[in-house]
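# Examination of the molecular architecture
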Amino acid sequence: MAGLENGYRRDMIMAEANAPRAVITGITGQDGSYLAELLLEKGYEVHGIVRRASTPNLERIDHIKDQITIVAADLQDQASVINALNTIRPREVYNLAAQSFVPTSWQQPILTGDITGLGVTRMLEAIHVVDKSIRFYQASSSEMFGHAQEVPQRESTPFYPRSPYGVAKVYGHWITVNYRESYDMFAVSGILFNHESPRRGLEFVTRKVTDGVARIKQGLQSELRLGNLESKRDWGYAKDYVRAMWLMLQQDAPDDYVVSSDETHTVREMCEVAFSHVGLDYLDYVRECPEFFRPAEVHILLGDSSKAREALNWEPEYSFEALIRLMMDEDMDRVEREVENAALHPATRPR
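Now for a look at the structure at hand.

What counts, and at which threshold
Residues numbered from 1 in each chain as written. Predicted model: local features only at pLDDT ≥ 70, side-chain atom pairs only at ≥ 80, totals over all residues. Heavy atoms only, no water. Helix = DSSP H or I, 4+ residues; strand = E, 2+ residues; numbered from the N terminus. Rg over C-alpha atoms; globule rule 2.2 N^0.38 Å. Buried < 20%, exposed > 50% of the residue type's maximum accessible area, 1.4 Å probe, protein only. Contact = heavy atoms within 4.5 Å. Pairing = 2+ DSSP bridges. Axes fitted to C-alpha atoms, helices over the stretch in contact; angles between N-to-C directions. Salt bridge = Lys/Arg side-chain N within 4 Å of Asp/Glu carboxyl O. Polar contact = N/O pair within 3.5 Å; in protein donor to acceptor, adjacent residues only side chain to side chain. Parallel < 35°, antiparallel > 145°, perpendicular 65-115°, else oblique. Left-handed = near helix turned anticlockwise from the far one by under 90°. Nonpolar A, V, L, I, M, F, W, Y, C, P; charged D, E, K, R; others polar.

### A closer look at the overall build of the protein chain
- Scanning the protein chain from N- to C-terminus turns up 11 helices and 13 strands.
- For a compact globule of 351 residues, the expected C-alpha radius of gyration is about 20 Å, and the protein chain comes in at 21 Å, within 12% of that figure.
- For the protein chain, the spread of C-alpha atoms along the principal axes amounts to about 65 × 55 × 40 Å.
- Evaluated residue by residue, the protein chain yields a buried proportion of 51% over its 351 residues.

See the structure below:
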């Protein structure tokens with residue numbers, strides 16, 4: 001019996017040793033949490049790089065924190081990134097960390113450039129120093145297209161960013177191409193169009209809408225104030241899109257891919273779907289407010305993901321309407337719990 005137990009332990013150790021090892025920067029964010037789940041399902045040993053903080057926000061990965069390893073490092077500190085890769089020795093690195101909120105990039109353009117742009121260089125240089133065989137994924141963005149030069153936007157569409165965030169993403173994208181071509185590294189960029197989920201931050205318009213609708217339905221607020229209702233975006237489900245990230249690193253050769261739903265919808269349409277899902281008319285509650293307009297507006301983003309669909313055998317499983325309804329259901333449940341909790345404990349009344 002002891003021999004069988006010892007053999008089992010050896011098998012487990014061997015299995016762990018043979019498990020592919022991945023690093024995710026930005027693991028505490030929306031995409032990082034879904035990607036970590038996907039990689040765990042596929043048998044990966046998952047390490048998440050997190051900036052050292054007195055109170056780290058691990059809410060999105062709390063349910064899997066015992067299955068992953070958190071490593072302290074900072075994309076603004078080259079030595080810490082090199083040390084992390086030296087310690088972990090991963091097969092794959094997914095660089096999802098960024099200052100990713102476009103309005104904030106106007107308020108903190110230098111910080112955005114340092115993290116979202118130069119941070120990519122620091123990670124690529126760390127891979128170049130530690131182990132060039134590591135496969136690297138860079139989270140590029142449809143915001144790079146900005147003032148779109150053609151519709152739809154594909155891999156060959158010229159970039160015309162309209163925010164410090166978009167500019168920083170263009171730098172990150174092209175430095176990835178340069179390291180790939182200069183050092184023969186397996187480095188890819190996924191040009192992801194807007195992708196949302198119930199884990200999206202409340203500052204983003206999709207969650208601002210679904211959270212606002214839930215609060216209006218519960219009588220906690222009377223109106224929803226938004227920016228340009230005619231802005232058009234190509235929205236998909238984050239859980240679908242992280243699958244494309246993984247597929248890019250499983251190919252025989254590195255390349256860049258647009259990942260999108262290939263459909264465009266306005267913020268107004270989003271409001272219609274969200275409000276109607278809970279039996280309300282958006283016209284009674286939505287107010288368009290000029291103070292929420294961008295300094296340089298991006299009017300239409302529409303992707304052409306045919307290359308990813310053909311080469312990666314990828315396609316999204318959720319439609320725009322299904323995504324908004326999913327987010328509405330989650331926010332309705334959460335706000336209802338807040339109301340119930342406030343009734344039992346008045347000091348915790350929701351905002």
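### What about the environment of Leu 38?
- Take Leu 38: it is sitting in helix α2 (residues 30-41).
- Spatially, the C-alpha atoms of Leu 38 and Lys 239 are 8.7 Å apart, while their sequence positions differ by 201 residues.
- Apart from residues lying up to four places away in sequence, Leu 38 is in contact with Val 242, Arg 243 and Trp 246.

### So, the sheet that holds strand β3 (residues 69-72)
- In spatial order, the strands read β3-β2-β1-β4-β5-β6-β11; together these 7 strands make up an open sheet with parallel pairing. In this open sheet, the two strands that pair with only one neighbour each are β3 and β11 (257-259). Ignoring strand direction, the axes of neighbouring strands in this sheet form an average angle of 25°.
- In terms of strand pairing, strand β6 (residues 187-192) meets β11 through 3 bridges, oriented parallel.

### Quick look at the pattern of salt bridges
- In total, this model carries 23 salt bridges according to the counting rule given.
- For Asp 211, the salt bridge identified is with Arg 215, shortest N-O distance 3.2 Å. Of this pair, Asp 211 and Arg 215 both sit in helix α7 (residues 205-217), 4 residues apart, which is roughly one turn of that helix.
- Take Arg 215: its relative accessible area is 3%, and that puts it in the buried class.
- We note a salt bridge from Glu 338 to Arg 215, for which the minimum N-O separation is 3.1 Å. On the criterion of sequence distance, the pair formed by Glu 338 in helix α11 (residues 320-344) and Arg 215 in helix α7 is long-range, its members being 123 residues apart.

### Considering the environment of Thr 157
- For Thr 157, the position within the fold is in the loop between β5 (135-141) and α6 (164-183).
- Sequence spacing of Thr 157 and Phe 145 is 12 residues, and the spatial spacing of their C-alpha atoms is 7.5 Å.
- Apart from the residues lying within four places of it in its own chain, the contact partners of Thr 157 are Phe 145, Glu 150 and Pro 152.
- A polar contact is formed between the side chain of Thr 157 and the side chain of Glu 150, at a distance of 2.4 Å.

### Digging into the packing of helix α5 (residues 109-130) against α6
- Running from N to C, α5 and α6 point in directions that differ by 15°, and their axes come no closer than 8 Å. Overall, the two elements α5 and α6 adopt an arrangement that is roughly parallel. Where α5 crosses over α6, the two elements pack in a sense that is right-handed. Residue-level contacts link Pro 109, Thr 112, Gly 113, Thr 116, Gly 117, Leu 118, Val 120, Thr 121, Leu 124, Glu 125 and His 128 of α5 to Pro 164, Tyr 165, Ala 168, Lys 169, Tyr 171, Gly 172, Ile 175, Thr 176, Tyr 179 and Tyr 183 of α6.
- Considering only residue class, the contact of α5 with α6 consists of 11 nonpolar, 8 polar and 2 charged.

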